[in-house]
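# Summary of structural features
Residues per chain, in single letters:
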Amino acid sequence: MKFLIVFVALFALAVAAPNAEIVRLESDVGPEKWSADSQTSDGTSVQLEGVLKNVGSDHEAAVVHGSYSWVDEKTGEKFTVTYVADENGFQPSGAHLPVAP
């Protein structure tokens, strides 16, 4: 599961910027926690930290805190999404995202 999360994040980074070069790529994957930090030459970046909670119980769950950002090619504006992904689902936030009433 942890490997899949890190792989998907890095794959998304590569697909989003096919002409960009990876300038930083770090990851640390352990049995109960993991992290990844990457950046491309076009300003796209992904950071995440995950941990297993309630290990060994019926309520074991992965909790990931992270962010990703990119620079709009046309306007030069930088967009950033921060998120939590846990047993309650994916919960993103960002200045450019709509907020439910």
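For the structure itself, look to the data block above.
The structure reproduced in this document is the subject of the present report. Just so we're clear, the structure is a prediction, and the values are computed from it rather than from any experiment.

## Focus on the nonpolar core
Looking at soluble globular proteins, one finds that nonpolar side chains tend to be buried together. Counting seven residues, the largest nonpolar core is built from Trp34, Ala36, Val46, Leu48, Ala62, Val64 and Tyr83. Mapped by element, the contributors of at least two residues to this core are β2 (33-40), β3 (45-53) and β4 (61-71). Setting aside its immediate chain neighbours within four residues, tyrosine 83 contacts Gln47, Leu48, Val64, His65, Gly66, Ser67, Tyr68, Phe90, Gln91 and Pro92.

## Considerations on a nonpolar patch on the surface
Side chains of Tyr68, Trp70 and Phe90 sit close together on the surface and give an oily, nonpolar patch of about 280 Å² of accessible area. Within the fold, tyrosine 68 resides in strand β4. Assessed through its relative accessible area of 31%, tyrosine 68 is described here as partly exposed.

## Side note on the pattern of salt bridges
The final tally for this structure, using the stated rule, is two salt bridges. For the salt bridge of arginine 24 with aspartate 37, the shortest nitrogen-to-oxygen distance reads 3.0 Å. Of this pair, arginine 24 sits in strand β1 (residues 22-29) while aspartate 37 sits in strand β2, placing them 13 residues apart in sequence. Residue glutamate 87 is joined to lysine 53 by a salt bridge in which the shortest nitrogen-to-oxygen separation is 2.8 Å. On the criterion of sequence distance, the pair formed by glutamate 87 in the loop between β5 (78-86) and β6 (89-93) and lysine 53 in strand β3 is long-range, its members being 34 residues apart. You can call glutamate 87 partly exposed: its relative accessible area is 46%.

## Focus: the packing of aromatic side chains
Inspection of every chain in the model, using the stated rule, returns four aromatic pairs. Centroid distance tryptophan 70 to phenylalanine 79: 5.4 Å. Interplanar angle 20 degrees. Geometry classified as stacked. Residue tryptophan 70 is classed as partly exposed on the basis of its relative accessible area, which comes to 31%. Overall, phenylalanine 79 belongs to the buried group, its relative accessible area being 16%. On the numbers, 5.2 Å between centres and 40 degrees between planes, the contact of tyrosine 83 with phenylalanine 90 is tilted. The exposure class assigned to tyrosine 83 is buried, which follows from its relative accessible area of 12%. Clustering of aromatic rings is evident, with ring pairs tying together Tyr68, Trp70, Phe79, Tyr83 and Phe90.

Parameters at a glance
Residues numbered from 1 in each chain as written. Predicted model: local features only at pLDDT ≥ 70, side-chain atom pairs only at ≥ 80, totals over all residues. Heavy atoms only, no water. Core = buried A, V, L, I, M, F, W, Y, C linked by side-chain atoms within 4.5 Å. Buried < 20%, exposed > 50% of the residue type's maximum accessible area, 1.4 Å probe, protein only. Helix = DSSP H or I, 4+ residues; strand = E, 2+ residues; numbered from the N terminus. Contact = heavy atoms within 4.5 Å. Patch = residues over 30% accessible without salt bridge, like charges linked within 9 Å, V, L, I, M, F, W, Y side chains within 5 Å. Areas by Shrake-Rupley, 256 points an atom, 1.4 Å probe, with all protein chains shown as cover. Salt bridge = Lys/Arg side-chain N within 4 Å of Asp/Glu carboxyl O. Phe/Tyr/Trp six-rings, centres within 6.5 Å; stacked < 30°, edge-to-face > 60°.

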